[in-house]
Amino acid sequence: MTERFPKGDAEADRAGASDTNSPLLEVDGLETHFPITTRWLRREVGRIRAVDGVSFAIDRGEAFGLVGESGSGKTTAAHSILGLEEPTGGAVRFDGQLVDELTGWELQQFRRRAQLVVQNPDDAFNPRLPVGKSVAEPLALHGMDDEERRRAIVADLLERVGLEATDANRFPHEFSGGEKQRLSIARALVVNPDLIVADEPTSALDGRVKADVLSLLDELRREFDIAVLCISHDIDVVRRFCDRVGVMYLGELVERGETEAVLESPAHPYTRVLIGSIPSLDPSDRSLVRPLTETVPAPSDPPSGCRFHPRCQELIPPTASLEREDWRAIARFRFALQEGTVPEPIAVDSGTRVDPETVRDAFDLPTDLPNEGIEDAVEAATRAVADGDLERARERLAESLSTVCERTQPEAGDECEHLVRCHRYDSTIEAEPIPWRG
Amino acid sequence: MTDDHISDERTSTEPLLAVDGLRVHVRTERETIRAVDGVSFELCRGETVCLIGESGSGKSVTCESLTRLVPEPPFEIVGGCVEFEGRDLFAADTGRCRRVRGDRIAHVFQNPQSALDPVYTVGEQLIETIEIHEDVPKTNARDRAIGLLRQVGIPRPADRIDDYPHEFSGGMCQRVAIAIALTAEPDLVVADEPTTAVDVTVQARLIELLREVTDGGTSLLVVTHDLRVAAALADRLLVMYGGTIVERGPIEELFERPAHPYTQALFESYAGRSAGSDRTARGDVPADGCRFRSECPHAVEACSDGEQPPFYAVGDDSDRRASCVHYGPGNDPGAVLEAGATIAEAEGSDD
């Protein structure tokens, strides 16, 4: 057995106790909001809800993935868990203890046991320090004063991550991106952590280097029984590496479950858009899924009810009598007007009046709808758009096409294994889930 | 039209672009790096060709050398020729080269935020490009700029035209960059990692936009490291490694059964089984023989002879070519081909 950083006493006790059943990391309703303030008086005028009620748990040795697009709050969530950002609500428990209550030696232990690997390895190292010094720095910080021992541990780890012991004397610029990411991993491992938070660990790498770094991380996690929170926008990374996965949209966790279940048969409409946007490796299948509307709302002013509703292809209709395609066309019409993204022939900026027929054609609106109220609303809105009065059209549509998706927030349905935050999966609401690729 | 310069093997359909034996070196104080070392390919009208490879394989340098965009020095184009519609671009004087570069061949780069000038509005940048290419009054140029923005899917173009690049999202900036590339109605768009800096949902829309561009008859040369992007766009694929092309062929056949051991390794990394996890992290690409031989599981002694092996036909398919001695005359490619089929199969079930 090679030399490693010793684990703390408390931990050794704990390992012997029966506490091992509880998860290593428990995140419960985590909220991190950033205030928007006015320039002079610093009065709060709004909040960016970067993370808004995220819950998940990671067991010892488990790899959990957090996916989502840029701006979905996944990095903020990770930083809040590590205490790098101060959460504004919710609770983070590490090994059963609330992280924000930790002080002194316990806090230091937490900082040793939970390590971060950042996205861009170029920024992660001091260019004027030999990498061996950078990798050894956490050891010194956590109280290992014996330089010989530090050197031995670093040399050993460098070999373990596929580099050479003599590389310790070289400088960051002498390494390639993949090698630097291996060094980042070595630095995280050097203090013998229980949790590694890897924020986009491979997005600066490509092809086989990416695969190599991922398999290295996977090997190490199994060898040392380390839990990993892997944050990525790359579904391929999550598919390969994670046991379970959570999908984030505008600060909320919309779906969570076993990686295979979530990626092979996604249930939440947003997850479906995300998975369906990835080009297939089969060149004869070139279909790409698109959301109902394109614009991602601002996290400072998220939509009411389900945050995905203005972009949702599976939006629940106000009445069951509508055909799915007809309803989609009408909903797209409504939300496009709301966003102000009007198609070409009736562009608002042209300022000229158009024919209601042109409006119908531009949005591909159905005629002869079975429901009179909706037919009337669509008709009235079409005329309003033709007259150039978008505000009236918006109001008319909002009034008659109100859906449960915008009125109430979907329940998180806490205790179940596969969480889907969508009204279609709520038994109290009259709408069936639509089968994937159905 | 002068077509006496074109290569003699294809006289019936003249390719739009023919690159022959392109070699680009980088001179540094200590050594000379052969960034592009004998690259040849052709591109027909309306065709989409993807150049795939890892960072450092020379794919971007190849593309930027076509129109001499690479900075000389430190780069130096030391050999080969590039013919566009039968005209030798390297022999042309700077004026003519510039005309072709601006009017007929347009570039789109990886990072749109840095391709656009932050201190001018997107409208000013578009109008500037339009005025360089056409002699039009300012108001007409503005209308045309709005039309171009609309064509690439920017909502409310008449409002957005006076916005600055920082007011656009990454995906929208890339659309603006594509609009600028399309101003002169080029015959060829060279896109270097056009979707790498954006999210998948945005990437999906950009892929659709690029497909629309080629539907209009424009040719597209896409550089990417992402097999998925190649699968979504390309008609034909060129696989680059160590400054040379190691395999070429129609996309469907190539994805079904990658032939060159390097291509196979690339596909394998997508399947999540990295054969080379024990591979040395620091592999120097050899300067002669097959560039991939030091990492190749099928390497034999003949691999280190001479230059990169010539292209041999793969199987009976006349369009598939692999630069690997195993496909040469008198050799049995069975084992290598078999490895490719298993990888492709595993990949299919994974997807």
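Residues numbered from 1 in each chain as written. Chains lettered and ligands numbered in written order. Predicted model: local features only at pLDDT ≥ 70, side-chain atom pairs only at ≥ 80, totals over all residues. Heavy atoms only, no water.

On to the nonpolar core. Counting 62 residues, the largest nonpolar core has Ile178, Leu227, Leu237 and Phe255 of chain B as its most contacted members. By size, the runner-up hydrophobic cluster in this structure holds 59 residues, among which are Leu216, Phe241, Ile278 and Cys312 of chain A. (Core = buried A, V, L, I, M, F, W, Y, C linked by side-chain atoms within 4.5 Å. Buried < 20%, exposed > 50% of the residue type's maximum accessible area, 1.4 Å probe, protein only.)

Our focus in this paragraph is the packing of aromatic side chains. The tally for this structure, following the rule as stated, stands at ten aromatic pairs over all chains. The interplanar angle of 45° and the centroid separation of 4.5 Å between the aromatic rings of Tyr249 of chain A and Tyr270 of chain A together place this pair among those described as tilted. Of the two residues, Tyr249 of chain A is situated in strand β9 (residues 244-249) and Tyr270 of chain A in helix α10 (residues 269-276); the sequence distance between them amounts to 21 residues. Neither Tyr249 of chain A nor Tyr270 of chain A differs from the other in exposure class; each is buried. Ring geometry for Tyr241 of chain B versus Phe292 of chain B: centroids 5.1 Å apart, planes at 85°, classification edge-to-face. (Phe/Tyr/Trp six-rings, centres within 6.5 Å; stacked < 30°, edge-to-face > 60°. Helix = DSSP H or I, 4+ residues; strand = E, 2+ residues; numbered from the N terminus.)

To continue, consider the sheet that holds strand β10 (residues 252-258) of chain A. Residues and elements named next belong to chain A. Strands sit in the order β6-β7-β8-β3-β9-β10-β11 across an open sheet of seven strands; the sheet is mixed. The strands lining the two open edges of the sheet, one partner per strand, are β6 (114-117) and β11 (419-420). Here β6 pairs with strand β7 (residues 195-199) via four bridges, running parallel. Bridging across to β7, Leu116 finds its partner in Val197. Packed on one face of the sheet, helix α6 (residues 177-189) meets β6 and β7 and runs near 170° to β6. (Pairing = 2+ DSSP bridges. Contact = heavy atoms within 4.5 Å. Axes fitted to C-alpha atoms, helices over the stretch in contact; angles between N-to-C directions.)

Time to look at the domain arrangement of chain A. Taken domain by domain, chain A holds domain 1 (7-264) and domain 2 (317-402). When each unit is reduced to the centre of its C-alpha atoms, the spacing between domain 1 of chain A and domain 2 of chain A is 47 Å. (Domains from an automatic or database assignment.)

So, about the sheet that holds strand β1 (residues 17-27) of chain B. Residue and element names in this part refer to chain B. Read from one edge to the other, the open sheet built from four strands follows the order β2-β1-β4-β5, with strand pairing classed as antiparallel. One side of each edge strand has no neighbouring strand; the edge strands of this open sheet are β2 (32-43) and β5 (87-88). When β1 meets β2, the two strands line up antiparallel, connected through nine bridges. Of the residues in β2, the one forming a bridge with Arg27 is Thr32. Along the sheet, helix α1 (residues 59-66) makes contact with β1, β2 and β4 (75-84), crossing β1 at roughly 115°.

Two quantities define a packed helix pair, namely the angle between the axes and the distance from one axis to the other. Residues and elements named next belong to chain A. Where helix α4 (residues 131-141) meets α6, the axes come as close as 7 Å, and the angle between the chain directions of the two elements is 30°. It follows from the interaxial angle that α4 and α6 lie roughly parallel. In this structure, α4 crosses over α6, and the sense of that crossing is right-handed. Contacts between α4 and α6 involve Val131, Ser134, Val135 and Pro138 from the former and Leu183, Ala186 and Arg187 from the latter. Taken together, the residues of the contact of α4 with α6 sort by class into five nonpolar, one polar and one charged. (Parallel < 35°, antiparallel > 145°, perpendicular 65-115°, else oblique. Left-handed = near helix turned anticlockwise from the far one by under 90°. Nonpolar A, V, L, I, M, F, W, Y, C, P; charged D, E, K, R; others polar.)

This next bit is on the interface of chain A and chain B. The interface is formed by 44 residues belonging to chain A together with 46 residues belonging to chain B. Interface area for chain A against chain B, summed over the two sides, is near 3900 Å², with a carbon-plus-sulfur share of 48%. The largest share of the area that chain A buries against chain B comes from Arg208, Leu281 and Arg286 of chain A, three residues that together contribute 23% of it. For the interface between chain A and chain B, the tally reads four salt bridges. Arg208 of chain A is the partner of Glu54 of chain B in a salt bridge, and the nearest nitrogen-oxygen pair spans 2.8 Å. Linking chain A with chain B are twelve residue pairs in polar contact (both at pLDDT 80 or more), by the criterion used here. The greatest single-element share of the side of chain A that touches chain B, amounting to seven residues, is contributed by helix α7 (residues 207-224) of chain A. Taken together, the residues of the side of chain A that touches chain B sort by class into 14 nonpolar, ten polar and 20 charged. (Buried area = accessible area lost by both parts, 1.4 Å probe. Salt bridge = Lys/Arg side-chain N within 4 Å of Asp/Glu carboxyl O. Polar contact = N/O pair within 3.5 Å; in protein donor to acceptor, adjacent residues only side chain to side chain.)

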